[in-house]
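Here is how the chains run, residue by residue.
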Amino acid sequence: MSGTSEGPAPAADLGRSVVTESDSFLAPRATGTTGAPTGTTGTGPDSSTGGDASAGTDASTGAPGAASVQAYRSVFATAPLAMAVVDADGLVVSANASLGTLLGTGPGTLAGCAAADLVDLASDVGIWHAYREVLRGRQPRLRCTRRLKRADGHSLWAQVTVEPLDGSGDGGGLLLSVTDVSARRELQARLRHLQMHDPVTRLPNRALFFERLTGALEAESYEHGGTGRIGLCYLDLDGFKAVNDTHGHRVGDRLLAAVAERLTRCAEEAAGHRSGAPLVARLGGDEFALLVEDSTGTDQLADLAQAVLTALQPPFELLDRRLSVTASVGVVERHTAGTTPTALMQAADTTLYWAKADGRARWTLFDPERNATRMTRQALAATLRPAIERGEFALEYQPLVGMEDGRVRGVEALIRWNHPQFGVLAPNRFIALAEEDGSIVPLGRWILRTACGQARRWQLAHPDEPPIFVSVNVAVRQVWDSDLVADVARTLEETGLAPHLLQLELTESAVMGSAGRPLEVLRALSDMGVHIAIDDFGTGYSNLAYLSRLPVSVLKLDGAFVRGFQYDAVTPGADDVKGASSLANPADEVIVEAMVQLAHRLGLSVTAECVETSDQATRLRRIGCDTGQGWLYSRPVAPDRISALLGPAGPGGAGVQAVGKP
């Protein structure tokens, strides 16, 4: 019989690594003799009898006693543990019947064979070296797990132990013991399969997926062949929670299993003539992944993602129910070098989010530029609160001008972020972030305090002029998450600004949806004397009957209506206003005029935003608009520039000057 799993490695091959499964280790050297009885001089049982050589000694002469020798031989021969005695040259001196049975041959045929060949110790360089060290007495023990091949061709897993017969390790021979651990290995394999696979879909689970992904990204896996690229389709079922909620988890699990079958079939079809199909795994919940090793480019992954969407289109017949489901897929494909599992999964997760945000039931390819925007957004969100403490914000002010006399009636406070990395940022870059993480509350307090203080300083600096009001934007979250009424009252008291010189602006959608606490807050502020303005009016879904019951005093018409007053040309030689009127869109003027008349009948004043030309100002004035705001009068400017605009209008007066007209 051959007695080896793959045969002993030739001497020339011992220097190279051999792929094998092994748990070999070297035990620490024993101190003292703890094994065979003292006085033993033989290396094993007599080869002709198959007996054990480590017999006892006669107490009077020091010679082995016949009874002891026979007892040891009997124990060795009949022991259920497969054993053999090996001499210092590594040859089997004697083997018991259990070893012969284990290897599928008679024990007598094993004598004289190389022990390393019988239990396949030479095919692994590390194990072979350790075995030689035990033979030379330099190490006390070798234990490893090897796969052996019996004479009848069947294979088994065995735990092999080699240790000196004489505990001193002085070359007195070795005891080789072999234990069949095939059942244990099979149990371990079954347990690993259960541990690494999802019980619902029978697909590889998250643990096995990341094991494969990590292995695919290791340098040795792509440096010696392959494309050096990797791709991932990360998908999430759209609306799966509704299936669970409506039909129950039993139906939901059946749907997941059916989806897994279609994904597996789709991956196999996508593989075509390639060596391996993409790995399909369930990562948890309704999330699945298809991992493509040695991908050929984004086209391959895009085709796979589209095939997945197509495969999921036909309805599923489950438990007398007909269910339809779609999926959103994030697609990432890149070079393997320099990529980590974390980076790849982050990119896939981000791209999946884009697919959801773009409308679901689609695949989206990872876009580095879009991701850079997202990263910038995250960087801004992370530094918002510290920026408030560091004083990185500043206010600019844009005049609100009376349409009839051209005097500055008030100003709107507009915040700017002097970011140390990204420069000066307009509010549309960070206000939404501040509302999301709640930092709008401390930021809003700072804006309110700064704007009111500045309005009071203008009032004191121009005592002969009518005081101007300051308009401050307020987010809905400020109404919910803070005591806005107390904040306003405290700010007015600290700055000395009269309540009627403060105007708070809320968007139309926020005001029109006010009920409960928000409505109480608005009424309390109005009772205090503070003006409430609806910003961007006309862009939402206004309930005009509800508007009459709100404590609102000002409507600010959205700039989209005013921009509709633009003209392509003016008739040459004609009066500008007359020419402008001849080219105006009547619908725009009718809509704005109707809103102005409605507001006035409700006792509200009207401010037009985005006034950029004198023609627009003329038409707005003619239809009764009260105040205007826009680049015709001034861009948002620093506080000292507003001081220059304050003064009487008319001949010889400062009036309102156009500052920084576009």
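Residues numbered from 1 in each chain as written. Predicted model: local features only at pLDDT ≥ 70, side-chain atom pairs only at ≥ 80, totals over all residues. Heavy atoms only, no water.

A few words on the layout of surface pockets. As a volume, the largest pocket reaches approximately 1,000 Å³. Around the largest pocket, the lining is made up of 40 residues, and of these Glu412, Leu414, Pro427, Asn473 and Asp535 lie nearest the centre. Elements represented by at least two residues in the lining of the largest pocket include exactly β14 (408–419), α13 (431–437), α14 (440–461), β16 (469–473), α15 (476–481), α16 (484–495), β17 (502–507) and β18 (531–537). Per-element tally for the lining of the largest pocket: the top contributor is β14, with 5 residues. Taken together, the residues of the lining of the largest pocket break down into 22 nonpolar, 8 polar and 10 charged. (1 Å grid on protein atoms, 1.4 Å probe; cavity = no way out; pocket = protein on both sides within 12 Å on 5 of 7 lines; lining within 4 Å. Points joined across faces, edges and corners; volume = space filled by probe spheres on them. Helix = DSSP H or I, 4+ residues; strand = E, 2+ residues; numbered from the N terminus. Nonpolar A, V, L, I, M, F, W, Y, C, P; charged D, E, K, R; others polar.)

To continue, consider the confidence of the model for the chain. Residue-level pLDDT values for the chain average 83, and 80% of them are 70 or greater. When pLDDT is averaged over each element of the chain, β16 comes out on top at 97 and helix α21 (residues 576–583) at the bottom at 42. Here residues 1–56 scores under 50 on pLDDT; set against residues more than four positions off or in separate chains, the count is 121 contacts. Scored below 50 in pLDDT, residues 649–662 shows 32 contacts in the model against residues more than four places distant or in partner chains. (pLDDT = per-residue confidence, 0-100. Contact = heavy atoms within 4.5 Å.)

Counted by the stated rule, this structure contains 26 salt bridges. One salt bridge in this structure joins Lys241 and Asp245, with 2.7 Å as the shortest N-O distance. Of this pair, Lys241 and Asp245 both sit in helix α8 (residues 240–247), separated by 4 residues, roughly a single helical turn. Among the residues examined, Lys241 registers a relative accessible area of 60% and is labelled exposed. (Salt bridge = Lys/Arg side-chain N within 4 Å of Asp/Glu carboxyl O. Buried < 20%, exposed > 50% of the residue type's maximum accessible area, 1.4 Å probe, protein only.)

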